[in-house]
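Residue-level structure breakdown
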Amino acid sequence: MSAVLVALPKYLKIYRVSLTERLVYRADFFLGTILRFLPTVTTILLWEAIYEGSKKDELGGFKRDEMIAYLLLVHVSRMFSSMPGLAYGIARDVRDGSLKKYLLQPIDMIAYLVAYRGAHKTAYIATTALPYALLFFLFRAYFPPFPDALTLTGYVVSLLLAFLIGFFFEASLGMMGFWFLEVTSLLYIVGAINFFVSGQMLPPDFVPKPWSDVLKALPFKYLAYFPAMVFLGKVRGWDLVYGLVAEVAWAACFIVLARLLYRWGLRRYSAYGG
Amino acid sequence: MPIIEAVGLTKTYRVAQKKEGFLGALRGLVRRQYKEVRAVEDVSFAIEPGEMVAFLGPNGAGKTTTLKMLSGLIYPTRGEARVLDFVPWERADAFRRRFALVMGQKNQLWWDLPAADSFQLHREIYSLPLDQFNQTVGELTEMFGVGDLTRQPVRELSLGERMKMELIAALLHRPQLLLLDEPTIGLDVVAQVTITKCLKEYNAHRGVTMLLTSHYMRDVEALCKRVLVITHGHLIYDGALSGITEQFGRTKLVKLQFLGETTPEGLDEYGEVTERVGPAASLKVDRARVPEVLGAILERYTVVDMSVQDPPLDQVIAHVFQEAAKQMAPV
């Protein structure tokens, strides 16, 4: 534990330098946010049509307004949990030998990448907060009353844990680069499946039982579905506590997995290549 | 006590053999064939504190593999090494704080940020006290003559300026050992000369031990008195740079100036004529035959001026590499 505390300033500094670097790209972030919402507009129109056609007020436990709010909220979840380029970056560093710098300097690759990605996320969230606020203001009619302090705390915690799960899941995928030369196809398939199993495409409640239960037992729901449900007030009381405890446990599992794969991968790297 | 001590270092890679064509690739999926490649074979040497040693060899000779073992990036298949009294591939934190490896073809600095920001990051990574850090940065930027450039984004610097920044970054934690893999690759002559000059000055000033690989003999001659020559994974020479010519240079260059307007006939009886300009000629002569040839020439012609020189070092080295390649080639 004390070793972690001693090393902390080092990684905070990395976080600060990375933040400076990421802010070089603020115009790109701004444009990216606007472009990212364009597909959502079509999705919203699609769901409007589905509710219209079904003549029902509620589908899969979601009222029409809740559904629209849900689609916007999974975007916020993904802002924390998505890790574009992380897995690919690790695999590329292994392949082209850039991994060396982590082995030559007194620095831990995973801790370094957490700090770097944390800075990336901070810069992204800070520069896109304004357009998001505007968007949510425009869609305010679809949202339930603003959550109470306890729910809001739970929501923030679930988002921070979503960052950890997203990071260590992607990092574990990237470690595949130690064993396979090319991981692009693997990452593409995982990305496509993730869009569905995380609940970003639609809430798992829409899938028939028992499949919906299976989806909800998997860790991927924490990447999009779970935080959105907390904000909508659909996970309350002890359910919220259990949900968060399970999220912590999953985060821990992925941290251990990424560490183990890194250790085994390095052993292989040191024996065969470099 | 030596800074680097390598005993019988050997590295064998197992390389998958790819068959030709689509069918071959399919067959490879089912049953892979491997070939053992001996990158480094039984290499032993020791380097004392403060020495500057060049590691020479053609591409693929095993130089970089050896540097990788000494810096702890890869394990050897056999053999032992102690670097700064550590076993390098155990990668102890204390070991990593005491050396640096600079690769001419790899970037360590952040591309979009000024070098000064990367330096700050190094300060944190190596936990350097602020006073020491500021002093070192001041000394090094002055020595490399890049004072004003540290605030400019790295992507806007020239290749030479970038390499200087890379070296400064590598020296910030005052390593006792500096491993350099092709530090001047792709640089123009002026940048090359500045960098070798700075490295020499730094060595004199701080007593840092350096082991470098380079294909430019200019670097080697400027920096190193001692060289290690490696071909096909075998260390074939370990000694003074000047000794290479004696051991491997089989010829000498005899330069002659004759009386009159042109060179006389019959010179090729004594050796290979490499140059003829007016009354001057250069003759490549077997080392052992030099006294005999000189005697004969002086007797036969009227010579105004003459000198005997060793052939240029890079020619000797190229010859050594070619000979080694012939010996190793499968019959």
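What comes next concerns the included structure. All of these numbers come straight from a predicted model, not from anything done at the bench.

A few words now on the sheet that holds strand 10 (residues 251-258) of chain B. Residue and element names in this part refer to chain B. Strand order across the open sheet formed by four strands is 11-12-10-13, with antiparallel pairing between neighbours. Single-partner strands in this sheet number two, and they are strand 11 (272-277) and strand 13 (303-309). Mean inter-strand twist for the sheet, computed between neighbouring axes without regard to direction, equals 20°. Judged from the five bridges that link them, strand 11 and strand 12 (residues 280-286) form a sheet pairing that is antiparallel. Note on strand 12: the bridge partner recorded for Val277 is Ala280.

So, about helix 5 (residues 130-144) of chain B. Residue and element names in this part refer to chain B. Counted at 1.5 Å a residue, the expected span for helix 5 with its 15 residues is 21 Å, and the 21 Å between its end C-alpha atoms agrees. What helix 5 keeps buried is the set Val137, Leu140, Thr141 and Phe144. Around the axis of helix 5, the buried residues are gathered within 95° of arc, so they sit on the same side. In helix 5, the exposed positions that point more than 90 degrees away from the buried face belong to Asp131, Asn134, Gln135, Gly138 and Glu142. Buried positions along helix 5 lie against helix 4 (115-125), helix 6 (159-171) and helix 7 (189-206). A positive phi of about 65° marks Gly145, the residue just after helix 5.

Strand pairing within a sheet occurs via backbone hydrogen bonds; the two strands may be parallel or antiparallel. All names here are of chain B. Ordered in space as 5-6-7-3-8-9, the six strands form an open sheet in which the pairing is mixed. The open sheet has two edge strands with one neighbour each: strand 5 (99-103) and strand 9 (234-240). Within this sheet the neighbouring strands show an average axis-to-axis angle of 15°, counted without direction. Packed on one face of the sheet, helix 9 (residues 241-248) meets strand 8 (226-231) and strand 9 and runs near 120° to strand 9.

Between Lys209(A) and the following residue, Pro210(A), the backbone shows a cis peptide bond with an omega angle of 0°. You can see Pro210(A) is positioned in the loop between helix 8 (184-197) and helix 9 (211-217). Positive phi outside glycine occurs at Leu84(B), with the angle close to 55°. Along the polypeptide, Leu84(B) turns up in the loop between strand 4 (78-83) and helix 3 (93-96). Look at Leu84(B) and you get buried, because 20 C-beta atoms sit within 10 Å.

Conventions and cut-offs
Residues numbered from 1 in each chain as written. Chains lettered and ligands numbered in written order. Predicted model: local features only at pLDDT ≥ 70, side-chain atom pairs only at ≥ 80, totals over all residues. Pairing = 2+ DSSP bridges. Helix = DSSP H or I, 4+ residues; strand = E, 2+ residues; numbered from the N terminus. Axes fitted to C-alpha atoms, helices over the stretch in contact; angles between N-to-C directions. Expected span 1.5 Å × (residues − 1). Buried ≥ 20, exposed ≤ 12 C-beta atoms within 10 Å, placed from the backbone. Arc of directions from axis to C-beta. Contact = placed C-beta atoms within 7 Å.

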